[in-house]
Amino acid sequence: MAEISKVCPSCGSTDLIYDTERGELVCNNCGLVIEENITDTGPEWRAFDSDQRNSRARTGAPMKYTRPNKGLVTEIDLYNKDIRGVRIPSKRQAQLYRMRKWHKRASIASSSERNYLIALPELNRVSSYLGLPENIRENAALLYRKCVQNNLIRGRPIETVVQAVIYAACRKAGMPRTLDEIANISGLPKKEIGRAYRAISHELGLKIPLTDPVSYVPRYVNALKLSGEAQEKAVELLHDAMKKGLVSGRSPTGVSAAAVYIAGALAGERRTQKEVADVAGVTEVTIRNRYRELKEQLNIDVNL
């Protein structure tokens, strides 16, 4: 049963119920049958698990920007069997081979399609290493397609632009990844990725917010295997630091790492500066400097 937003003509109640078994719209207040013999627009079949639902559905997969043809492409398989599973004669196999070859050539006729064949698999590879969810991958792929349409790829390596759109999509979604992380995974220079990112954000007019140090805390806490109490204390420290202006002009990763370092000690789960530095991708010197600033300015009673 499902609720419908209409009004009962008898009592004026909006508490109406749609009875799917009988095809009736009933008022839950006075019991009046408002409509009957309603046509069921759902499927005529039932599914009890995901496998049955997928096999019985008559629609294709959803359109995805992370696929070169957005998933709207047909393929001639390599099984050399007809619809009944009978093997195709050898004379017909040669014809199928030619059809398969020309079908593949026709599907990647333009230069932009060839570009996507190189770029999108690389985007999926780096996104997998970074552990990015599907929505961020889709946003990054859509952003890359906009770059191709606006001729922003010309004069720049495809891989560099791919890493730049991943960096932009992560920041826009509030799940930032550092340029160092992306550079290490892709094997490209950090400066080149940063230069491509600045050019893309300027040309496309992207409104990307500043990186919030708090967004790094869950990742660092998880990697260091700290408790929820330590995470809460680190977030409180960062909020206090932002109120006093201790974050502006400083690397958000360094400030966030120092807050996690202090919070771990306050929660009785102390971690060494080297452990925190390795997780955050900063130096121990950076953590010491940020730690001293936070301790002095926020009057934190902790000795490390």
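Please read all numbers here as calculations on a predicted model, not as lab measurements.

Procedures and definitions
- Residues numbered from 1 in each chain as written.
- Predicted model: local features only at pLDDT ≥ 70, side-chain atom pairs only at ≥ 80, totals over all residues.
- Heavy atoms only, no water.
- Helix = DSSP H or I, 4+ residues; strand = E, 2+ residues; numbered from the N terminus.
- Rg over C-alpha atoms; globule rule 2.2 N^0.38 Å.
- Buried < 20%, exposed > 50% of the residue type's maximum accessible area, 1.4 Å probe, protein only.
- Contact = heavy atoms within 4.5 Å.
- Lys, Arg positive; Asp, Glu negative; His and termini not counted.
- Charge placed at Lys NZ, Arg CZ, Asp CG, Glu CD.
- Phe/Tyr/Trp six-rings, centres within 6.5 Å; stacked < 30°, edge-to-face > 60°.
- Lys NZ or Arg CZ within 6 Å of the ring centre and 35° of its normal.
- Axes fitted to C-alpha atoms, helices over the stretch in contact; angles between N-to-C directions.
- Left-handed = near helix turned anticlockwise from the far one by under 90°.
- Nonpolar A, V, L, I, M, F, W, Y, C, P; charged D, E, K, R; others polar.
- Pairing = 2+ DSSP bridges.
- Expected span 1.5 Å × (residues − 1).
- Patch = residues over 30% accessible without salt bridge, like charges linked within 9 Å, V, L, I, M, F, W, Y side chains within 5 Å.
- Areas by Shrake-Rupley, 256 points an atom, 1.4 Å probe, with all protein chains shown as cover.
- Salt bridge = Lys/Arg side-chain N within 4 Å of Asp/Glu carboxyl O.
- Disulfide = S-S within 2.5 Å.

## What about the overall build of the chain?
Part 1: Regarding its fold elements, the chain presents 12 helices and four strands.
Part 2: Radius of gyration (C-alpha) of the chain: 28 Å, far over the 19 Å computed for a compact globule of 304 residues.
Part 3: Taking the principal axes of the C-alpha coordinates as reference, the chain spans close to 75 × 70 × 35 Å.
Part 4: Among the 304 residues that make up the chain, the fraction classed as buried is 35%.
Part 5: A separation of at least 24 residues holds for 55% of the contacts in the chain among residues at least 6 apart in sequence.
Part 6: Of note, the chain has its 47 positive side-chain charges centred 11 Å away from the centre of its 35 negative side-chain charges.

## Some remarks on the packing of aromatic side chains
Part 1: For the coordinates displayed, the defined rule picks out four aromatic pairs.
Part 2: Plain terms: the ring middles of Tyr216 and Tyr220 are 6.0 Å apart, the flat faces sit at 15° to each other, and that makes the pair stacked. Both residues of the pair, Tyr216 and Tyr220, belong to the buried class.
Part 3: Centre to centre, the rings of Tyr261 and Tyr291 are 5.8 Å apart; their planes meet at 80°, and the pair counts as edge-to-face. Placement of Tyr261 in helix 10 (residues 252-266) and of Tyr291 in helix 12 (residues 284-297) is noted, with a sequence separation of 30 residues between them.
Part 4: On the accessibility criterion, Tyr261 (3% relative accessible area) is buried.
Part 5: When the ring centre of Tyr116 is taken as origin, the NZ or CZ atom of Arg145, which lies over that ring, is 4.5 Å away.

## Section: the packing of helix 6 (residues 179-186) against helix 7 (residues 190-204)
Part 1: Two elements in contact, helix 6 and helix 7, have axes whose closest approach is 9 Å; the angle formed by their N-to-C orientations is 120°. You can see that helix 6 and helix 7 cross each other, and the crossing is right-handed. Residues Leu179, Asp180, Ile182, Ala183 and Ser186 of helix 6 touch helix 7, and the partners they reach there are Lys190, Ile193 and Gly194.
Part 2: Classifying every residue of the contact of helix 6 with helix 7 gives four nonpolar, two polar and two charged.

## Some points on the pairing of strand 3 (residues 24-27)
Part 1: Bridging between strand 2 (residues 16-19) and strand 3 involves four bridges; their strand directions are antiparallel. In the strand pairing of strand 3, Ile17 is matched with Val26.
Part 2: Taking the residues that link successive antiparallel strands as the turn, the strand 2-strand 3 hairpin has four residues, and the phi of Gly23 there is positive, at about 70°.
Part 3: Pairing of strand 3 with strand 4 (residues 33-35), which is carried by two bridges, proceeds in the antiparallel orientation. The residue bridging Val26 from the neighbouring strand is Val33, located in strand 4.
Part 4: What sits between the antiparallel neighbours strand 3 and strand 4 is a turn of five residues, in which Gly31 has the positive phi angle 85°.

## Focus on helix 10
Part 1: With 15 residues, helix 10 ought to run about 21 Å at 1.5 Å a step, and its terminal C-alpha atoms sit 21 Å apart, in line with that.
Part 2: Buried residues dominate helix 10, accounting for 12 of its 15 residues.
Part 3: Taken as a whole, helix 10 has its buried residues at Thr253, Gly254, Val255, Ser256, Ala257, Ala258, Ala259, Val260, Tyr261, Ile262, Ala263 and Gly264.
Part 4: Turning to helix 10, the residues buried within the fold contact helix 8 (217-224), helix 9 (228-243), helix 11 (273-280) and helix 12.
Part 5: Gly268 lies just past helix 10 and shows a positive phi near 75°.

## Some remarks on a negative patch on the surface
Part 1: On the surface, Glu229, Glu232, Glu236 and Asp240 cluster together into a patch of negative charge.
Part 2: Here Glu232 is to be found in helix 9.

## Things to note about the state of the cysteines
In protein structure, a disulfide is the covalent linkage between the sulfur atoms of two cysteines.
Part 1: Taken as a whole and judged by the stated rule, the model has zero disulfides.
Part 2: Not engaged in a disulfide, the cysteine Cys27 finds its nearest cysteine sulfur in Cys11; these two sulfurs lie 3.7 Å apart.
Part 3: Note on Cys27: relative accessible area 2%, which makes it buried.
Part 4: With no disulfide of its own, Cys147 has Cys170 as its nearest cysteine by sulfur position, at a separation of 15 Å.
Part 5: Its relative accessible area of 0% is what places Cys147 among the buried residues.

## Brief notes about the pattern of salt bridges
Part 1: Considering all chains together, one arrives at 11 salt bridges under this definition.
Part 2: The partner of Arg22 in a salt bridge is Asp19, and the shortest N-O contact between them spans 2.9 Å.
Part 3: For Arg290, the salt bridge goes to Glu293, with nearest N and O atoms at 3.1 Å. Here Arg290 pairs with Glu293, and both are found in helix 12, just three residues apart, close to one helical turn.

## Some remarks on helix 4 (residues 134-149)
Part 1: Over its 16 residues, helix 4 runs 23 Å from end to end, which matches the ideal 22 Å to within 8%, given 1.5 Å per residue.
Part 2: Within the sequence span of helix 4, burial applies to Ile136, Arg137, Glu138, Ala140, Ala141, Leu143, Tyr144, Arg145, Cys147 and Val148.
Part 3: Positive phi shows up at Asn151, right after helix 4, with a value of about 55°.

Read these as layout, nothing more, since geometry by itself doesn't imply function.
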